[in-house]
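# Fold and contact review
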Amino acid sequence: MPQPEHGDLAAGIWGPLLGPAGNLRVRAVDEEPEPLPDFDVLLDTLGELSELLGAPRCATAYQLYTPEDLPESWDRELVDQRALIRRLLRYAGEDDESLGVRVVDGRRPDKDVIAEHLAGELRFAGLSGEDQRAAGFVVSSLGDLRAMLGPTCVEVARALVHRARLERGRNPDGPRYRGEEAEGEGAELPTAVEGFLACFALGWGVPVTNACLDPRSVAEGMGEMQTTAWVSASLRYPPDVAAELLATLYAAGARDAKFVEGRRGALNPSQREVFDEAWAALEEDGPNEAAALREQLRWGAPDSWPEPATREPALAELEFDAHDDALVDAEERYQERLRLPNLGKPVFRARPRRTWQGALIGSVVGVLFGGAIGGAVGGGIGALFGYSWRPSLCSGPRCGVVLEVGVTECPKCGGTIMGEIARTKDHLAAVEALEEQGALNQASDPT
């Protein structure tokens, strides 16, 4: 998913004096919009997805467009992400019995991340449980609601498409998708593009269209010490194509002027301009074009559709359950890790030799049991033992905990173990050496 770009003006001007910039974990720049097939191919795929999800329902789906459609608060916590997924599923006609939601915390705690609220990452991981009635999602990072809404719509749509294919695969007499055979159908997860297109069939076209171009920025510091971060979108699809798809579906659905005006008003300015042009062209084409679009979308005639859906049935209160309790505990553990003093900072395995300490202890023991000669022998044995026995200690400031073999992060201070040094007093020199080699930037860059 798109991530914020960063511009560190201070590092550019004062870099030689200040050293490396702060830990900017989110470094990936915005990618170019993902290329999509021709528009007719998109409509054909939308027709296949509509038939899969229930064409009459797609033709009359409630179209999300106002904050009141998603009443839950958003505090950038795992339980908020799960509530958003559950609410979207309510709009798709599902509940906790028909399709449960499991959320896994895949976030990597990191401090000093600039503008992390501007972007997030969520992935549909598959279905599990009896009759495949639990959808799993992995949260890699959590942005604010504006950053997460579009990607969440796409991933939830992927879950619904996947479940529909699995169900149809169990029904040999059901309609086929792109000529596939029933056996083994639905085993592979839907693509992100299929999830994107399914959002329009499910009534989530407005938030998804807005997510395709939604520039935001944030700055920290002042003047020459200012660092900025910006993001242009939370989905990587062409915004003009999304806006045209939205207008096409509204024309095919014979939506009235009041309905269209409300939804176009909720679009971002650039997308609204494209929508208006597409809508004007569709109005000029008249009812025959709308009928042809309905046929291409496999929606059937309007007299075969149910009444247009409203949002009231989907706004029933979500019950706080045991999985929400578990997510609250996971959030607390995540926040506790963020409070670790050296989290994300380099530390080392300090392996000091205890030669003099061993000699002293050996001498004292030797004197007690063998006088002067025993003291000399004991001192030699103790020195040899102290030289060969090297503990493994964390070099982090105010830490010094014993490190187990194989760990890559200090369990006490959260520092990232970057290598081995002889003594804890060598910590700063080792950090400076890594900075000169550029190893710290490479270690903190997730790309």
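All figures in this text were calculated on a predicted structure; none of them were measured in a lab. Each chain carries its own residue numbering, running from 1 in the direction its sequence is written. Per-residue local features are limited, in this predicted model, to residues with pLDDT of at least 70; the limit for side-chain atom pairs, both in listing and counting, is 80 or more; totals at the level of whole chains, interfaces and linings are taken over all residues. As a rule here, side-chain values cover all heavy atoms of the structure and leave hydrogens and water aside.

### Brief notes about the overall build of the protein
Secondary structure elements follow DSSP: runs of H or I no shorter than four residues count as helices, runs of E no shorter than two count as strands, and numbering proceeds from the N terminus. Along the protein, the regular secondary structure elements total 15 helices and nine strands. Burial classes: relative accessible area under 20% of the type maximum marks a residue as buried, over 50% as exposed, and values in between as partly exposed (1.4 Å probe, protein chains only). Split into buried and exposed, the 447 residues of the protein put 48% on the buried side. A contact between two residues is defined here by any heavy atoms of the two lying within 4.5 Å. For the protein, the proportion of contacts with a sequence separation of at least 24, taken over those separated by at least 6, is 76%. For the accessible areas, the method is Shrake-Rupley and the probe is 1.4 Å, while residue cover comes only from the protein chains on display. For the protein, the exposed surface amounts to about 22,400 Å²; the carbon and sulfur share of it is 54%.

### With respect to the nonpolar core
Formed by 81 residues in total, the largest nonpolar core has its most connected members in Phe 196 and Trp 204. The element contributing the most residues to this core is helix H5 (residues 145-169), with 11 residues. When sequence neighbours within four positions are dropped, the list of residues in contact with Trp 204 reads Leu 64, Leu 88, Tyr 91, Ala 92, Cys 153, Val 156, Ala 157, Leu 160 and Cys 199. We call a set of buried residues a nonpolar core when its members are Ala, Val, Leu, Ile, Met, Phe, Trp, Tyr or Cys and they connect through side-chain atoms within 4.5 Å of each other.

### Section: the sheet that holds strand S9 (residues 416-421)
Two strands pair under a simple rule: DSSP has to find at least two bridges between them. Spatially, the three strands line up as an open sheet ordered S8-S7-S9, and their pairing is mixed. Both edges of this open sheet fall to strand S8 (393-394) and S9, since each of them pairs with a single strand only. Pairing analysis gives four bridges linking strand S7 (residues 346-350) to S9, with the strands arranged parallel. By the bridge assignment for S9, Val 347 is matched with Ile 417. In the packing of helix H14 (residues 427-437) onto the sheet, contacts are made with S7 and S9, and the angle to S7 comes to roughly 130 degrees. The convention used is that axes are lines fitted to C-alpha atoms, helices contributing only their stretch in contact, and that angles between N-to-C directions extend from 0 to 180 degrees.

### Some thoughts on the packing of aromatic side chains
Working definition: rings of Phe, Tyr and Trp (its six-membered ring) pair if their centres are within 6.5 Å, and the pair is stacked with planes under 30 degrees apart, edge-to-face with planes over 60 apart, and tilted otherwise. Under the definition given, this model contains eight aromatic pairs. Aromatic pair Phe 196 and Phe 200: ring centres 5.3 Å apart, planes at 85 degrees, arrangement edge-to-face. Taken together, the positions of Phe 196 and Phe 200, both in helix H6 (residues 192-202) and four residues apart, correspond to about one turn of that helix. Taking the relative accessible area as the measure of exposure, Phe 196 reaches 0% and is therefore buried. Here Phe 200 falls in the buried class, since its relative accessible area comes to 2%. With a centroid separation of 6.0 Å and an interplanar angle of 70 degrees, the aromatic rings of Tyr 250 and Phe 275 are classed as edge-to-face. Note that Tyr 250 is positioned in helix H8 (residues 239-252) and Phe 275 in helix H10 (residues 269-285), a separation of 25 residues in sequence. Taking the relative accessible area as the measure of exposure, Tyr 250 reaches 2% and is therefore buried. With a relative accessible area of 1%, Phe 275 lands in the buried category. Should the NZ of a Lys or the CZ of an Arg lie within 6 Å of a ring centre and within 35 degrees of the ring normal, that charge is described as sitting over the ring. Between the NZ or CZ atom of Arg 107 and the centre of the ring of Tyr 334, over which it lies, the distance is 3.7 Å.

### Quick word on the pairing of strand S4 (residues 134-141)
Within a regular strand, side chains alternate between the sheet's two faces. Most of S4 sits out of view: six of its eight residues are buried. For strand S2 (residues 100-105) and S4, the ladder comprises six bridges, and the chain directions are parallel. Bridging across to S4, Arg 102 finds its partner in Gly 136. By the bridge criterion, seven bridges tie strand S3 (residues 121-128) to S4 in an arrangement that is antiparallel. Bridged to Leu 127 within S4 is Ala 135.

### Here we look at the sheet that holds S3
Read from one edge to the other, the open sheet built from three strands follows the order S2-S4-S3, with strand pairing classed as mixed. With partners counted over all chains shown, the strands left at the sheet margins are S2 and S3, one partner each. Neighbour-to-neighbour, the strand axes of the sheet open up by a mean angle of 25 degrees, direction not taken into account. Each of S2, S3 and S4 touches helix H4 (residues 78-91); the most contacted strand, S2, lies at about 150 degrees to it.

### Observations concerning the pattern of salt bridges
One speaks of a salt bridge when a side-chain nitrogen belonging to Lys or Arg is within 4 Å of a carboxyl oxygen belonging to Asp or Glu. Applying the stated rule across the entire model yields 24 salt bridges. For Arg 298, the salt bridge identified is with Glu 51, shortest N-O distance 2.8 Å. Of the two residues, Arg 298 is situated in the loop between helix H11 (287-296) and helix H12 (322-338) and Glu 51 in helix H2 (residues 39-53); the sequence distance between them amounts to 247 residues. Between Asp 105 and Arg 107 there is a salt bridge, with the nearest N and O atoms lying 2.8 Å from each other. A relative accessible area of 11% places Arg 107 in the buried class. Among the charged side chains, a salt-bridge network with shared partners connects Arg 82, Arg 86, Arg 90, Asp 96, Asp 321 and Asp 324.

### Regarding the side chain of Thr 66
Mapped onto the fold, Thr 66 is located in the loop between helix H3 (55-59) and H4. Polar side-chain contacts of Thr 66 include one of 2.3 Å to the side chain of Glu 68. For the purposes of these results, a polar contact is taken to be a pair of N or O atoms within 3.5 Å, where, inside protein, one atom must be able to donate a hydrogen and its partner to accept one; residues adjacent in sequence count only when each atom of the pair is a side-chain atom.

### Points about a negative patch on the surface
The patch calculation keeps residues exceeding 30% relative accessible area without a salt bridge and links them within 9 Å when they carry like charges or within 5 Å when they are nonpolar (Val, Leu, Ile, Met, Phe, Trp, Tyr). In this count, Lys and Arg are taken as positive residues and Asp and Glu as negative ones, while His and the chain termini are left out. Lys charges are placed at NZ, Arg charges at CZ, Asp charges at CG and Glu charges at CD. Side chains of Asp 75, Glu 77, Asp 325, Asp 329, Glu 332 and Glu 336 sit close together on the surface and give a patch of like negative charge. If you trace the backbone, Glu 336 turns up in helix H12.

### Re unusual backbone geometry
The phi dihedral of Ala 254 is positive, around 55 degrees, even though this residue is not glycine. For Ala 254, the location among the structural elements is in the loop between H8 and helix H9 (257-265). Although it is not a glycine, Arg 398 sits at a positive phi angle of roughly 60 degrees. With respect to the helices and strands, Arg 398 occurs in the loop between S8 and S9. The class for Arg 398 is exposed, based on a relative accessible area of 76%.

Read these as geometric descriptors, not functional statements.
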